[in-house]
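Residue-level structural notes
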Amino acid sequence: MTTENTCAHLFDPNLPKLANPLVDMFKMQLSLQKKLAETGRAIDYDTAPFKVRVDDISDQWRNMNMEMTELLERLPWKRWKTYTPEQLAGFTSDKQMMETYFEYIDVAHFFMNVGLALGIDGEM
């Protein structure tokens, strides 16, 4: 784990609980994508033509796979490597657990973007 690649500062335990988690998650993700689209860092799924949204899926899928790789790099997955008993028993620190959690969230963000590109909003 590198110190430059951390996400713990993004966690806010004071956020309200969600009433309909799946629908609310898609709405929040769409809101994030709209903000990123305003800066030119994403497309607006509500206004982009279908072909542009479909083309975006390959980028989202690639990003999701990269985040999954980052998640795996935080875990003792290499069968040929010798890990300490502590590493094999679980997370060695709350920080490691939190950073792994955020990598998982990153995977979910890109996965939801694929759904948004296809018009999925969680209410189907």
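All figures in this text were calculated on a predicted structure; none of them were measured in a lab.

Here we take up the overall build of the protein chain. A tally of helices and strands in the protein chain yields 4 helices and 0 strands. In sequence order, the secondary structure elements of the protein chain are arranged as α-α-α-α. Counting every position in the protein chain, which comprises 124 residues, the buried fraction comes to 25%. Just so you have it, the protein chain exposes about 8,900 Å², and 61% of that area is on carbon and sulfur atoms. One way to put it: in the protein chain the 13 positive side-chain charges average out to a point 3 Å from where the 19 negative ones average out.

Turning to the packing of helix α2 (residues 50–73) against helix α4 (residues 94–117), a few remarks are in order. Running from amino to carboxyl end, α2 crosses α4 at an angle of 165°, the nearest separation of the two axes being 8 Å. As the angle between them shows, α2 and α4 are arranged roughly antiparallel. Taken as a pair, α2 and α4 cross one another with a handedness that is left-handed. Across the interface between the two elements, Arg53, Ile57, Gln60, Trp61, Asn63, Met64, Glu67, Met68, Glu70 and Leu71 from α2 touch Thr100, Glu103, Tyr104, Asp106, Val107, Phe110, Phe111, Asn113, Val114 and Ala117 from α4.

Taken together, the side chains of Met68, Leu72, Trp77 and Trp80 make up a nonpolar region of the molecular surface, amounting to roughly 440 Å² of accessible area. Along the chain, leucine 72 turns up in helix α2.

What counts, and at which threshold
Within every chain, residues take consecutive numbers counted from 1 along the sequence as written. Selection of residues for local features in this predicted model requires a pLDDT of at least 70, selection of side-chain atom pairs for listing and counting requires 80 or more, and totals for whole chains, interfaces and linings are taken over all residues. Each side-chain value is worked out from all heavy atoms of the structure, with water and hydrogens disregarded. Helical segments are the DSSP runs of H or I of at least four residues, strand segments are the runs of E of at least two, and each set is numbered from the N terminus. For the exposure calls, accessible area comes from a 1.4 Å probe over protein chains only, and a residue counts as buried if that area is under 20% of its type's maximum, exposed if over 50%, partly exposed in between. With residues, only the protein chains shown are counted as cover, and all accessible areas are computed by Shrake-Rupley using a 1.4 Å probe. Counting rule applied: Lys, Arg positive; Asp, Glu negative; His and chain ends not counted. Here the site of a charge means atom NZ of a Lys, CZ of an Arg, CG of an Asp or CD of a Glu. A fitted line through C-alpha atoms represents every axis, and for helices the fit uses only the stretch in contact; the resulting angles, taken between N-to-C directions, go from 0 to 180 degrees. By the definition adopted for this analysis, an angle is roughly parallel if under 35 degrees, roughly antiparallel if over 145, roughly perpendicular if from 65 to 115, and oblique otherwise. Working rule for handedness: look at the near helix, and if it is turned counterclockwise from the far one by less than a right angle, call the crossing left-handed; if clockwise, right-handed. Working rule for contacts: check all heavy atoms of both residues, and any pair within 4.5 Å makes them a contact. Candidates for patches are residues over 30% relative accessible area with no salt bridge; among them, like charges are joined within 9 Å and nonpolar side chains (Val, Leu, Ile, Met, Phe, Trp, Tyr) within 5 Å. By convention in these notes, a salt bridge is any Lys or Arg side-chain nitrogen within 4 Å of a carboxyl oxygen on Asp or Glu.

Note that every value here comes from positions in space, so none of it alone points to a role or purpose.
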